[in-house]
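# Structural overview for review
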Amino acid sequence: RGFSMDTIGTLPLWGHASLYGRFGAWHSGAGVSLLTPGDTGLRAGSGLRYGLGVKYDLTRRVGLQAEMERFAPLDRWGPREGETDQFTLGVYWRF
């Protein structure tokens, strides 16, 4: 179990395209794998989450989206190794 909270800013580019950025924090409870080299267990964790993406509206309700996010784990004393990058491609539908 876990949660994340982000703030997202959007910059319209041209026509139906826009660029957006996100910044936030995440927390995961025990049982979530945050494996780093040499790590063998499951544990709770928290960290920062940030990324950039681009959206293109095909119609008023349907569009395409591509995003790159980085999850940067933190421990009590600051950053630790094991950042994770996530790349997503998607189709969205507003209703």
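Below, the structure is looked at part by part. (Residues numbered from 1 in each chain as written. Predicted model: local features only at pLDDT ≥ 70, side-chain atom pairs only at ≥ 80, totals over all residues. Heavy atoms only, no water.)

All right, on to the overall build of the protein chain then. Per the secondary structure count, the protein chain includes zero helices and six strands. Reading the protein chain from its N terminus to its C terminus gives the helix and strand order β-β-β-β-β-β. Across the 95 residues of the protein chain, 25% fall into the buried class. Put simply, the protein chain shows about 7000 Å² of open surface, and 63% of that area lies on carbon and sulfur atoms. (Helix = DSSP H or I, 4+ residues; strand = E, 2+ residues; numbered from the N terminus. Buried < 20%, exposed > 50% of the residue type's maximum accessible area, 1.4 Å probe, protein only. Areas by Shrake-Rupley, 256 points an atom, 1.4 Å probe, with all protein chains shown as cover.)

This brings us to the pattern of salt bridges. This structure, assessed with the given rule, holds seven salt bridges. Note that Asp-6 and Arg-49 form a salt bridge whose closest N and O atoms lie 3.2 Å from each other. Of this pair, Asp-6 sits in strand 1 (residues 2–12) while Arg-49 sits in strand 3 (residues 45–57), and the two are 43 residues apart along the sequence. A residue is classified by how much of its surface remains accessible, and Asp-6, at 25% relative accessible area, is partly exposed. Of the residues examined, Arg-49 reaches a relative accessible area of 13% and is grouped as buried. (Salt bridge = Lys/Arg side-chain N within 4 Å of Asp/Glu carboxyl O.)

All right, on to the packing of aromatic side chains then. One pass over the structure, following the stated rule, counts one aromatic pair. Taking the centre distance of 5.4 Å and the plane angle of 40° together, the rings of Trp-93 and Phe-95 count as tilted. The residue whose ring lies beneath Lys-55 is Tyr-92, and the NZ or CZ to ring-centre distance is 5.9 Å. (Phe/Tyr/Trp six-rings, centres within 6.5 Å; stacked < 30°, edge-to-face > 60°. Lys NZ or Arg CZ within 6 Å of the ring centre and 35° of its normal.)

One polar contact links Arg-49 to Asp-6, side chain to side chain, over a distance of 3.2 Å. Among the polar contacts made by the side chain of Arg-49, one reaches the side chain of Glu-69 at a distance of 2.6 Å. Apart from the residues lying within four places of it in its own chain, the contact partners of Arg-49 are Ser-4, Asp-6, Arg-22, Phe-23, Gly-24, Ala-25, Trp-26, Glu-69, Arg-70 and Phe-71. (Polar contact = N/O pair within 3.5 Å; in protein donor to acceptor, adjacent residues only side chain to side chain. Contact = heavy atoms within 4.5 Å.)

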